[in-house]
Amino acid sequence: MPLTAQERAALKSLPKRIQRSIDGALEGVVYDVRKLHHWVDNSTDVEAHFALLPIFYTHLDPAVIPDQPLPTDDVQQVVMLAKLSLMSIAQTCFSVTGILNDSLADKMITNALVRRWGTLFPWLQFMYRHCLSFPPRRDSPKGFDICDVDAVSIISRILSQMVVSIEGQHLMQTNAAVQQFIAKVWFYIGKLKDEDLLRHDASFRHDKREGTDDEMTGHVRKTMVGIITACIGARPPPAALPTLHNLLDAVGGYEPFVTSSLRYIRWLGRKISDMCSRATTNYALMAAMLGLVDALSVSIRLLSLASIMDDTCQEEFILHGAPSDIVTALLQSLPALAGTRVSLSAETSSADKFTMMLADTFGYIDMALCQSDACIQALCQALDAGLIQLVLHAGFRCPQIASGVLKLIPRFLMYHQVLHHFQKAMDRAPDATAGLGPFTKKDDEVQQSWILVQQAARQILNICRKTSPLPFYEQKCAHAECTYDSNERPHYRCCGCFVARYCSRGCQRKDWKSRHRSACPVLHSAGGLDGSKHIRGSLPLIMLVETFNYSLYADRIQEAMEKARKKYPRDIDRLVLETDLSAYPVTFSARPVQQYAYIFDPRFDPARVKELRGLPGKHILMALKLRAGREECIVLSPRVGLTLAFQWPAAREEEAVLSSVQEALVSRLAVGPGNVIKSGEGFKVVEYRQQSTTQPTTSFNE
């Protein structure tokens, strides 16, 4: 493409020693183009750099791109000229960043890259196709002075400068071909090892200064994470969903995308941890460390964006261990704050970066617990990885978000799996609190939330120590007269309730005729119509927690029933008491039974149930609101089904709940002269009596 008169006039204003190489460069002399490239690399004259751009673009004609990198002189010359030209264009655009104001830099980069994208993009695709093979080649293709690291450097630097331009971001967010290309490069770099990027580490030293290997290996990963996140941008999910699907298609589907995203997070966490363990800290190491912290924060944000936009992607992240990997990476990065204390400004900058990263992490955990069908699995992963330690160590940086995450835990404690993992996390918590280092501190709001969560967990654990809330029906035949006793689960399971198991078809037929015909729809309603395995596997524990709350908060139940009787005067004898265990603290409400027509099993007839009359107020049923997935679900109280099907609970379980309630009341100083414990029909109930004004009241501040 010939130069315009304006471009030739700009070239004449350059220094004489540069003009000597211009004619040779225009004619395609590799030596002269290399001299211009070296001058661009070492000069700070931004205006002169942009004056040379037309020369470099003359060697990027898409029409001369070879189909294959054949070892012939003409092909080698074309590819070498393109390599030097692309490197010079990338360095020219990089030189304006941080020197000129944002609007002027945006304009110049837009003119240099976005407006010329039709010329640049075919050459970037050529380098990806022929230079980026996996596993990486140790040497350049025969006869070519270009290797895989050169190609990675050129592609990543040009794409990173596109992000600086507003029009460049728009191109990335709207052009499907560009999005797929970015995803392929991001996926390729994620699979590389450190030694693959250090074989020609000078390619990544864009400012030609000496740096550490950590900076070189982290720079390109940080760049690609920022680029692929910019493709999605801060757009609403419906608008960004096609972009995410293009990225998924480019890398081969959900699993490659998820595994690559988590590979970046694990690598960044390990690398930051390795850098924190260094005996000495210098400015180069500190800068590299903060760059990796930025990259980790952006990687977590990418997971959040993808999870918000696509439910399948969200579930795949959790199934592949995203909550565990994120919490582990944050704990590995936490000591980096101590390593940045080389200056006050550096410490302030690192603190801000860590606060943003923690906010992204807690935001992802919050989303996984409130908007995912795999919320229970996500919470167990986070607890095992050290979520409690992370909150206690670093929660003071964003106390409201950290406290909010803690307060989500009690709504899942009625599930065996969560309670088991939380107990182990709670056992580790004293050591975590005692190990608070000089870069962490306690926060009153976080500590108060932690105390409340511990109290809720200990109340449930206290019941579990006195009786076994395990799903006994998983290991025994449901037929009352069967003597089946084995460590293995009975082979047959009722397909109506998915709870009762049988050792043989004969036992199943006998039990159906004797009692399971009436118990089946009740158990199905107690396990939820969506068939949550977590609810079905924790029915005894849920029942014990339910009964504990009934006994502990009898006054609140009375208030809820009084409100319901006033609101539904025609249905006083057909009210259903609903306990919201998905909220913390627990809340109670009541409404007519006809509003539950489509919630319970249609075979279930509420009018036939006469149990549970021991509670204050008139109601025929008790229901629970639980969270075992993305949506809250309302189920029938497990007590009815367990009683009809298995004659459970027995007196031992009732006494265990009563004892735990008494201990909880004593610990809260709630038992006074006017409060008594009395027996209801089938279980114990706490009855609160109003104390007269002449009697001394109990103070909670004593």
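Notes on the structure follow. (Residues numbered from 1 in each chain as written. Predicted model: local features only at pLDDT ≥ 70, side-chain atom pairs only at ≥ 80, totals over all residues. Heavy atoms only, no water.)

Moving on to the overall build of the protein chain. Scanning the protein chain for helices and strands turns up 30 helices and eight strands. Looking at the protein chain as a whole, 56% of its 702 residues are labelled buried. The long-range fraction of contacts in the protein chain, counting pairs at least 24 apart against all pairs at least 6 apart in sequence, stands at 73%. For the protein chain, the exposed area adds up to about 30600 Å²; of that, 51% sits on carbon and sulfur atoms. (Helix = DSSP H or I, 4+ residues; strand = E, 2+ residues; numbered from the N terminus. Buried < 20%, exposed > 50% of the residue type's maximum accessible area, 1.4 Å probe, protein only. Contact = heavy atoms within 4.5 Å. Areas by Shrake-Rupley, 256 points an atom, 1.4 Å probe, with all protein chains shown as cover.)

Right, let's get into helix H15 (residues 283-309). The end-to-end C-alpha distance of H15, which contains 27 residues, comes to 39 Å, matching closely the 39 Å that a straight helix rising 1.5 Å per residue would cover. The element H15 is largely enclosed, with a buried count of 20 among its 27 residues. (Expected span 1.5 Å × (residues − 1).)

Burial analysis of strand S6 (residues 632-636) places four of its five residues in the buried class, which makes it a mostly covered element. Note: strand S5 (residues 621-627) against S6, five bridges, orientation antiparallel. Its bridge partner lying in S6, Arg627 is registered against Glu632. (Pairing = 2+ DSSP bridges.)

With that settled, the discussion passes to the environment of His416. By the secondary structure assignment, His416 is in helix H23 (residues 416-434). Sequence spacing of His416 and Pro471 is 55 residues, and the spatial spacing of their C-alpha atoms is 9.2 Å. Setting aside chain neighbours within four positions, we find His416 in contact with Pro469, Leu470, Pro471, Gly537, Ser538 and Leu541.

Working definition: two side chains of opposite charge can pair if their charged atoms are close together. The full count for this structure, using the stated rule, is 15 salt bridges. A salt bridge links Arg501 to Glu474; the nearest nitrogen and oxygen atoms lie 3.0 Å apart. Residue Arg501 is located in strand S2 (residues 501-502), and its partner Glu474 is located in the loop between helix H24 (444-466) and strand S1 (492-493); the two are separated by 27 residues in the primary sequence. Salt-bridge contacts for Arg627 lead to Glu632; the nearest nitrogen and oxygen are separated by 3.6 Å. Taking the relative accessible area as the measure of exposure, Arg627 reaches 9% and is therefore buried. For Glu632, a relative accessible area of 38% gives the class partly exposed. The network of salt bridges with shared partners includes Asp311, Glu315, Asp373 and Arg630. (Salt bridge = Lys/Arg side-chain N within 4 Å of Asp/Glu carboxyl O.)

With 15 residues, helix H13 (residues 237-251) ought to run about 21 Å at 1.5 Å a step, and its terminal C-alpha atoms sit 20 Å apart, in line with that. Every buried residue of H13 is listed here: Ala240, Thr243, Leu244, Asn246, Leu247, Leu248, Ala250 and Val251. Positive backbone phi, approximately 110 degrees, marks Gly252, located one or two places after H13.

On to the environment of Asn487, then. With respect to the element layout, Asn487 can be found in the loop between H24 and S1. Between the C-alpha atom of Asn487 and that of Gln475, which follows or precedes it by twelve residues, the distance is 6.7 Å.

The full count for this structure, using the stated rule, is 15 aromatic pairs. Measuring from ring centre to ring centre gives 5.4 Å for Phe121 and Phe181, while their planes differ by 90 degrees; the resulting arrangement is edge-to-face. Here Phe121 is found in helix H7 (residues 117-131), whereas its partner Phe181 is found in helix H10 (residues 176-191), with 60 residues between them in sequence. Here Phe121 falls in the buried class, since its relative accessible area comes to 11%. In this structure Phe181 comes out as buried when scored by relative accessible area, which is 5%. Seen from their ring centres, Tyr596 and Phe600 are 5.5 Å apart, and the 15 degrees between their planes marks the pair as stacked. Comparing Tyr596 with Phe600, the two get one shared label, buried. Over the face of the ring belonging to Tyr57 we find Arg116, whose NZ or CZ atom lies 4.4 Å from the ring centre. Taking NZ or CZ as reference, Arg221 lies 4.1 Å from the ring centre of Trp267, over its face. (Phe/Tyr/Trp six-rings, centres within 6.5 Å; stacked < 30°, edge-to-face > 60°. Lys NZ or Arg CZ within 6 Å of the ring centre and 35° of its normal.)

It is worth spelling out the environment of Thr643 at this point. Relative to the elements of secondary structure, Thr643 occurs in helix H29 (residues 638-646). Among the residues examined, Thr643 registers a relative accessible area of 30% and is labelled partly exposed. Taking the C-alpha atoms as reference points, Thr643 and Ala519, separated by 124 residues in sequence, lie 8.6 Å from one another.

Applying the stated criterion across every chain yields a total of zero disulfides. The closest cysteine sulfur to the non-disulfide-bonded Cys370 is located on Cys375, 8.5 Å from its own sulfur. Taking the relative accessible area as the measure of exposure, Cys370 reaches 21% and is therefore partly exposed. (Disulfide = S-S within 2.5 Å.)

With mixed pairing, the four strands of this open sheet are ordered in space as S4-S3-S5-S6. Strands at the two margins of the open sheet, each flanked by one partner only, are strand S4 (587-592) and S6. Between one strand axis and the next, the sheet turns by 25 degrees as a mean value, whatever way the strands run. Pairing analysis gives five bridges linking strand S3 (residues 575-580) to S5, with the strands arranged parallel. The partner of Leu577 across the bridge, within S5, is Met622. (Axes fitted to C-alpha atoms, helices over the stretch in contact; angles between N-to-C directions.)

Turning to the side chain of Asp580, a few remarks are in order. Position of Asp580 among the secondary structure elements: in strand S3. Look at Asp580: it is buried, it has no salt bridge, and the nearest opposite charge is Lys625 at 4.3 Å. Within the structure, Asp580 has its side chain in polar contact with the backbone nitrogen of Ala583 (distance 3.4 Å). When sequence neighbours within four positions are dropped, the list of residues in contact with Asp580 reads Val586, Thr587 and Lys625. (Lys, Arg positive; Asp, Glu negative; His and termini not counted. Polar contact = N/O pair within 3.5 Å; in protein donor to acceptor, adjacent residues only side chain to side chain.)

Here S5 lies mainly inside the structure; seven of its seven residues are buried. Residues Leu621, Ala623, Lys625 and Arg627 point to one face of S5 and Met622, Leu624 and Leu626 to the other, with burial holding for every one of them. Connecting the antiparallel pair S5 and S6 is a turn made up of four residues.

Take Gln314: it is sitting in helix H16 (residues 311-319). Residue classification places Gln314 among the buried positions, given a relative accessible area of 2%. When residues no more than four places from it in sequence are discounted, the contact partners of Gln314 are Ser307, Met367, Gln371, Ser372 and Arg630.

All right, on to unusual backbone geometry then. Going from Tyr584 to Pro585, the amide bond is cis rather than trans, its omega being 0 degrees. Relative to the elements of secondary structure, Pro585 occurs in the loop between S3 and S4. Of the consecutive residues Trp648 and Pro649, the connecting peptide bond is found in the cis state with omega at 15 degrees. By the secondary structure assignment, Pro649 is in the loop between H29 and helix H30 (651-667). Not every positive phi belongs to a glycine, and Phe498 is a case in point at roughly 60 degrees. Residue classification places Phe498 among the partly exposed residues on the basis of a relative accessible area of 32%. The phi dihedral of Gln647 falls on the positive side, at around 55 degrees, and the residue is not glycine.

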